[in-house]
Amino acid sequence: MIDPICKRPKNMAEAQFYDACLQHGISLERRGWPDYACVKPDGQFFVVEVKHKRSQRLKSRQMRLLRILAAYGINAYRWSPDGGFEPVRIDHRTPGKSA
């Protein structure tokens, strides 16, 4: 069994799902999801984490999840008024592992 990343839910159905996933070695994450899922008129899908300023760092869970999404081919960006769109670099290690 793997170490869980998130806490076991209190909701009974969610807790059963959580237990079943852990028994099968599936990593779970509920926190750190990007602020926006976006679709351009041409159908291109991407995700964005918005920060107040470019110098504001992403939280470790945010960076981990953005890198996982990018590793699976989803364009992932951080955006700030003073930095604009900045692509998230792919972590070339196994998806699911933090940098």
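It should be noted that the structure appears before, not after, this text.
Counting restarts for each chain: residues are numbered from 1 in the order of the written sequence. With pLDDT at 70 or above as the cut-off, local features in this predicted model cover only qualifying residues; side-chain atom pairs require 80 or more to be listed or tallied, and sums for whole chains, interfaces and linings still use all residues. Note that the side-chain values use all heavy atoms of the structure and ignore hydrogens as well as water.

Colleague: I'd like a description of the overall build of the chain, backed by residues and values.
Modeller: Under the scheme used here, helices are H or I runs from DSSP no shorter than 4 residues and strands are E runs no shorter than 2 residues, and both carry numbers assigned from the N terminus. On a plain count of helices and strands, the chain comes out with two helices and four strands. Secondary structure elements in the chain, listed N-terminal to C-terminal, are α-β-β-α-β-β. Relative accessibility decides the category of a residue: with a 1.4 Å probe and only protein chains considered, values under 20% of the type maximum give buried, values over 50% give exposed, and everything between is partly exposed. Of all 99 residues assigned to the chain, the portion counted as buried reaches 29%. Restricting to contacts in the chain with at least 6 residues of sequence separation, those with at least 24 account for 42%. Shrake-Rupley sampling with a 1.4 Å probe provides the accessible areas, and residues are treated as covered by the protein chains on show and by no other component. Summing over all exposed atoms, the chain offers an accessible surface of approximately 7300 Å²; the carbon and sulfur share of this is 54%. Two residues qualify as a contact provided that any one of their heavy atoms is within 4.5 Å of a heavy atom in the partner residue.

Colleague: Residues and numbers for the environment of Ala37, please.
Modeller: By secondary structure assignment, the location of Ala37 is in strand β1 (residues 36-39). Assessed through its relative accessible area of 59%, Ala37 is described here as exposed. Between the C-alpha atom of Ala37 and that of Ala76, which follows or precedes it by 39 residues, the distance is 9.4 Å. Apart from the residues within four sequence positions on either side, Ala37 is in contact with Phe45, Phe46 and Val47.

Colleague: Any chance you could break down the pairing of strand β2 (residues 45-50) for me, citing the residues and the numbers?
Modeller: By the convention used here, strands pair only if DSSP detects at least 2 bridges between them. When β1 meets β2, the two strands line up antiparallel, connected through four bridges. By the bridge assignment, Cys38 is partnered in β2 with Phe46. Counting the residues in the hairpin turn of β1 and β2 gives five residues, including Gly43, whose phi is positive at 95°. By the bridge criterion, five bridges tie β2 to strand β3 (residues 75-80) in an arrangement that is parallel. The residue bridging Phe46 from the neighbouring strand is Asn75, located in β3. With helix α2 (residues 60-71) bridging β2 and its parallel neighbour β3, the resulting β-α-β unit is right-handed. We call a crossover right-handed when, viewed with both strands directed away from the observer, the connection leading from the first strand over the helix to the second proceeds clockwise.

Colleague: Give me the nonpolar core: which residues, what numbers.
Modeller: Among the nonpolar cores identified, the biggest contains seven residues, and these are Val47, Leu58, Leu66, Leu69, Ala70, Ala76 and Val88. With three residues, α2 is the single largest residue contributor to this core. If we ignore the near neighbours within four places in the chain, the residues touching Leu58 are Glu49, Lys51, Met63, Leu66 and Arg78. In this text, buried Ala, Val, Leu, Ile, Met, Phe, Trp, Tyr and Cys residues form a nonpolar core when linked through side-chain atoms within 4.5 Å.

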